[in-house]
Amino acid sequence: MKFRSGKRSRGDRLPPFLHSHSKQKKAVAKAGVIHLKSLGLPLISTSTGSPCDLIRLKPDRPSTIGRRNRCCEFFWADRRVSRQHCQIFFDSNDHKVFLWDGYIAPFSGFVLNENGRRLKLDESKGIECSRLRPSLNGVFVNRIRMTRGSAVELSAGDEVSFLCSNEGACNLEFRIGFTIERLFIAEEVVAVETKEAVHYWGQEVGAKLNIRILPFVSDGISLRSECDDCFYRASYLLGQCRKLLHGDKPTARSGEFTLSISKMINTYDCGLMDGFHGCVTSKNAKPLIEHGKLPLQSLCTNWNSKYKSTSLAQMHSVLVRSKNLAASESKHSCNSHLPPGKKIYLNRLKSTEHSSLNHHTDISLPELLYPVEDLSRIFIATFTSDILWFLSFSGIPNHLPVTVACHNTERCWSSEPDKRTLVPYPDFPNLVVVFPPFPEVIAFGKNLNKQGIACHHPKLLVLQREDSIRVVITSANLVAKQWNNITNTVWWQDFPSTARPDYASLFTRLSDNQDMNCDFGAQLAGFVASLVVDVPSQTHWITELAKYDYEGANGQLVSSVPGIHAPEVMLLVPPCQAKFVGCVEASVVGLGHLFHKNGVQLKKLAAAFIWNENGKSNGINGYKSMSEIVLRRNTNIPADANAVSVFVSNPTDLLESEGDCIQLGFLPRNVAKWVAPLWDIGFFKFSGYVHSQEALETALGRSNIKVRLVLCVSQGPEFSDMSERMQPKHASALCTLIASIQRRVGLWRLQEVLGRYKWPENLETHFIYGSSSIGSSVNTQFLAAFSAAAGKRTSQFSDSEESDPEWGCWNASEESRNPSVKIVFPTVERVRNAVSGVLPSKRILCFRERTWQRLRSIDILHDAIPHPNDRVGHPMHVKVAQRRFQSKAADSSSFGWVYCGSHNFSPAAWGRPISNPFATKANGEARGKSVMQRPTHLHICNYELGIIFIVPPSDNEKGASLDDIVLPFVVPAPKYKPRDRPATAQAMSEALAELSEEQEAVVAGKDEEEEIPYEEEEAAEAATCVADQDNEEEKAYADTLWSQVDSSES
């Protein structure tokens, strides 16, 4: 039986019956015909022994699909399919095709005959047959498992799968099932003598074939009108749209289907376009659909009233979701209270995309990127990645510049520049993989070769277009399983372009009444710069970020960058000028050269420091151990054209020779290489302060530690002309400057953002943190530090007007008496009962058994129940925190804050407060009793990024509500019962060991992928902090410079 495609003009009308010039009596035999496409393994026909894409069903007789060809009409050669897995049945009376799970043994009267004896198929009652033997692994229609004894009517576009509804979660090497592309009836007509060829719905029927094609209708009556043609054509397009969204390039053929819809509407005049004026053409169909002007919903209503179908409503949803999300924001805001940028979205799961009623709160990766053709550049930061999948799934053109920053332990710890980047795919020459550096200060023994505890863990996408830039922060890594099969959070916001680049937006603007939203660009630029600082070819990203306006940001960025970060007193240096942009922590090299065995110079140096601390200035903000320095460019030193000398003012010669100074040494080579080009061109000015006591001890030869220097940076005379005068070497230097500028990160950034508000402790309803990983060193001290940074205060001092930030601060003692934050983490029983079992969760959840035993006594664990309901049974990889307040007054709205991003609940991600690692016996400081007591440093292991939404107490009166931001799990989260146990690694291993032999056979057939490394495995005790020492390379550099300076002077 062969069918050839044909065309039909608008004027052609198909009569109710096939035309025939013969008056002979005809005998008609009907058969149901299904055009299908296998999902993975091909379906084999028993009669031919070869794969089939067409099934011919005999009327009123079930056909069996299974594993054994001897007892099945169609089969798959796979041991996980039951011998007689399911049966498919064509009802010639009602023109319907049914499917049921299992096999019904033949019995008398089973086959329908002319008298109407038939097997009863009633969806409300099921199959009236006690001989039904269901399959072991089940049948899934459109990702929903069929219940025992039920029959499902099949339609074009339906997907029938076996073994599992979700291929990603089950890790099947090949999917088993098929998608129905078309359904029709073939009537074999005896003695048809017409020589005319009749066209029907694109199919040509010739006289010699003696066959006519009829459509399936829901009420069993074949109405041969043009509206029917339009309806069935729309049903077919729905099936194609489903297949399109399941394909590798969901948007690649969108124009083709909008063209088909335009032809369908213009061809058939059924009165369904009432209210729409103008003809739909191939040129305007797509914009009309994308902007909601094509009344597909009204078409659906008219068709529904006649045919009782919901297919077009689904098609309308599918098509609208495939458009540019920027054009659909108004639609989203109608369905929910908050537009994108002000709420948390979830990734769209494959298993729920057809049945979910929450499509206004979920989104797919291709939708975030659509239209790909308009993208100028893409920047991605992720922990794990499957780059080839991303390129294929998202339809990325091979010429598009793409930068992917990801984790690689060996490369991230390496100091060799050639290991910092990789161009892995010749077909994508503009795709560069970057491996961000881990600083030696957090390595074991401060030695990069020994590595340490660190992880590049953010999940960021920056999508650049000419007129806008989209910033996406998610909890999903760049792998298929996490975007398609595991619940993750997604936040994004678009920012418009500016008339000219605004480089001032890349720096935090300090003022007493600063709007925190103004530093979104500075925080984003600082974080991106820290990832690409060692890759000059990618530093152009910083200049690109300056082309957009971030003042409309709806949230505050919170980042973590690995390192031992300086205390806040270093970050609060008061600017000497209004154009101050920030501070950089550096050092002085070669300080001992001039003062070695030179008592006169040592006396001058000591006098200069005393005068600086007591006579000239009061140090930095009263920090008397710091003395002001003077920087001078050394352009006449052959060894390094970028050399910068460090001087301190000489008080004894001030009256005789103004500006005469004592040289301490030089800036390190890696600092001078970016200071010099920015200084020489006039973009920035530099000054600084040095630690006086450290400098004196080094000059006396008592210490070989690095002499710390604070470099103060201000706008230079040519700052406003940066966009016109910027060259590649300046872009690289600017990137290093932005990466080096001190910013609050981790817990300190959390405190900076939330500390601006006074949160009423007596109105708190809950304080929760849901995370897929709980750090192994989480203890009472960290819980107190996190709560204090989040604004938690002791209740008796919560209303105090005391200006000291330490007054009433939450500490470990308070935390041990009254636990503050509750941890939301799934129980092992919930993981065991998941749709795909334990294995998917075992790869993404991290909670050590000993950590659970330590936290068990303080009773802070709560179960993580996914929300909304259609995500129950699917693993969660979210990192979400919320602190909620609400007045007891009637009609009061909730307020507080919500965090989502990549930070797991661990000191590695947020930072661990430590005592001063650079303290000496002379200036050492005892550890404070308070967790956040100053001075202290913050030890951070990971790169992380997240976003915080804030509904301040003042906005509560304006109608804003924190509850408008829906969380991905049920709140309030149920508390662990006495016998509940979290899904620790040990608990999940025990659950897997309990699998029955039958279940083990299924697991054995799954695709065994390399287990994802634990994202938050950290040692309980980090490496002991020791003071930095001058390395041999820096000493050699300083000696070379000093030798050439001495030669020039002599």
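Residues numbered from 1 in each chain as written. Predicted model: local features only at pLDDT ≥ 70, side-chain atom pairs only at ≥ 80, totals over all residues. Heavy atoms only, no water.

(A) Up close: the overall build of the protein. For the protein, the count of helices and strands is 29 helices and 46 strands. Across the protein, contacts joining residues at least 24 apart in sequence account for 74% of those joining residues at least 6 apart. In the form shown here, the protein has an accessible surface area of approximately 44,900 Å², with 49% of it arising from carbon and sulfur atoms. (Helix = DSSP H or I, 4+ residues; strand = E, 2+ residues; numbered from the N terminus. Contact = heavy atoms within 4.5 Å. Areas by Shrake-Rupley, 256 points an atom, 1.4 Å probe, with all protein chains shown as cover.)

(B) Layout of the packing of aromatic side chains. Throughout the structure, instances matching the rule amount to 32 aromatic pairs. Plain terms: the ring middles of Y769 and F905 are 4.8 Å apart, the flat faces sit at 50° to each other, and that makes the pair tilted. One end of the pair, Y769, is in strand β39 (residues 764-771); the other, F905, is in the loop between β43 (894-901) and α26 (907-910), and 136 residues separate them in sequence. We note that Y769, like F905, is buried. Considering the side-chain rings of F885 and F895, the 5.5 Å spacing of their centres and the 10° angle between planes classify their relative orientation as stacked. Here F885, found in strand β42 (residues 879-886), pairs with F895, found in strand β43; they are ten residues apart in sequence, far enough to count as distant. Aromatic ring contacts, followed pair by pair, group F767, Y769, F782, F786, W897, Y899, F905 and W910 into a single cluster. Sitting over the ring of F647, R632 keeps its end group 4.6 Å from the ring centre. Against the face of W810 rests K792, its NZ or CZ located 5.1 Å from the ring centre. (Phe/Tyr/Trp six-rings, centres within 6.5 Å; stacked < 30°, edge-to-face > 60°. Buried < 20%, exposed > 50% of the residue type's maximum accessible area, 1.4 Å probe, protein only. Lys NZ or Arg CZ within 6 Å of the ring centre and 35° of its normal.)

(C) Quick look at helix α27 (residues 985-993). A987, M988 and A991 are the residues of α27 that are buried. Burial along α27 is one-sided: seen end-on, the buried residues are contained in an arc of 95°. (Arc of directions from axis to C-beta.)

(D) Here's a closer look at the pattern of salt bridges. Taken as a whole and assessed by the stated rule, the structure comprises 30 salt bridges. The partner of D494 in a salt bridge is R470, with the nearest N and O atoms 2.6 Å apart. Taken together, the residues D494 in strand β30 (residues 489-496) and R470 in strand β29 (residues 468-474) connect sequence positions 24 residues apart. Overall, D494 belongs to the partly exposed group, its relative accessible area being 24%. E752 is the partner of R749 in a salt bridge, and the nearest nitrogen-oxygen pair spans 2.8 Å. Of this pair, R749 and E752 both sit in helix α20 (residues 746-754), three residues apart, roughly one helical turn. Its relative accessible area of 0% is what places R749 among the buried residues. (Salt bridge = Lys/Arg side-chain N within 4 Å of Asp/Glu carboxyl O.)

(E) Layout of the nonpolar core. In terms of nonpolar packing, the biggest core is built from 192 residues, with L369, L460, L664 and F684 touching the most fellow members. Broken down by element, this core gets its largest block of residues, eight residues, from helix α12 (residues 520-532). L41, L57, V97 and L163 belong to the second largest nonpolar core, which has 28 residues in total. (Core = buried A, V, L, I, M, F, W, Y, C linked by side-chain atoms within 4.5 Å.)

(F) Representation of the state of the cysteines within the structure. Under the definition given, this model contains zero disulfides. No disulfide involves C71; its sulfur sits 4.2 Å from the nearest other cysteine sulfur, which is in C72. Classification of C71 as partly exposed rests on a relative accessible area of 32%. With no disulfide of its own, C412 has C406 as its nearest cysteine by sulfur position, at a separation of 7.4 Å. (Disulfide = S-S within 2.5 Å.)

(G) Looking closely at the sheet that holds strand β15 (residues 151-153). As summarised here, the arrangement of the six strands in space is β3-β6-β5-β7-β8-β15, forming an open sheet in which the pairing is mixed. Edge positions in the sheet fall to β3 (44-45) and β15, since each of these pairs with one other strand and no more. One ladder, built from two bridges, connects β3 with strand β6 (residues 74-75); its direction is antiparallel. What sits directly across from S45, in β6, is F74. (Pairing = 2+ DSSP bridges.)

(H) Main features of the environment of S893. Along the chain, the position of S893 falls in the loop between β42 and β43. Accessibility expressed as a relative area gives 18% for S893, which makes it buried. Taking the C-alpha atoms as reference points, S893 and P953, 60 residues apart in sequence, are found 9.6 Å from one another.

(I) Spatial organisation of the packing of helix α16 (residues 669-680) against helix α19 (residues 728-740). At a minimum axis separation of 9 Å, α16 and α19 run at an interaxial angle of 115°. Judged by the sense of rotation from one axis to the other, the crossing of α16 with α19 is left-handed. Contact residues: W674, P677 and L678 in α16; H730, A733, L734, T736, L737 and S740 in α19. (Axes fitted to C-alpha atoms, helices over the stretch in contact; angles between N-to-C directions. Left-handed = near helix turned anticlockwise from the far one by under 90°.)

(J) Inspection of the side chain of T984 at higher detail. Here T984 lies in the loop between β46 (942-951) and α27. Since its relative accessible area comes to 0%, T984 is described here as buried. In contact with T984, not counting residues within four places along its chain, are F847, R848, E849 and W852.

(K) Spatial organisation of a negative patch on the surface. On the surface, E373, D374, E466 and D467 cluster together into a negatively charged patch. Summarising the element assignment, E466 is placed in the loop between β28 (460-464) and β29. Using a relative accessible area of 72% as the deciding quantity, one classes E466 as exposed. (Patch = residues over 30% accessible without salt bridge, like charges linked within 9 Å, V, L, I, M, F, W, Y side chains within 5 Å. Lys, Arg positive; Asp, Glu negative; His and termini not counted. Charge placed at Lys NZ, Arg CZ, Asp CG, Glu CD.)

(L) Focus on a positive patch on the surface. Positive charge collects at one region of the surface, where R68, R70, R83 and R133 lie side by side. Assignment of secondary structure puts R70 in the loop between β5 (63-66) and β6.

(M) The arrangement of α16 in detail. Between its terminal C-alpha atoms α16 stretches 16 Å, which fits the 16 Å expected from twelve residues at 1.5 Å a residue. Burial in α16 covers these residues: V671, A672, W674, V675, A676, P677 and L678. In the stretch just after α16, G682 is the one whose phi turns positive, near 90°. (Expected span 1.5 Å × (residues − 1).)

(N) Looking closely at the pairing of β5. Side chains S63 and I65 project from β5 onto one buried face, and the interleaved T64 and G66 project onto a second face that is buried too. Relative to β6, β5 runs parallel, the two sharing two bridges. Of the residues in β6, the one forming a bridge with I65 is F74.

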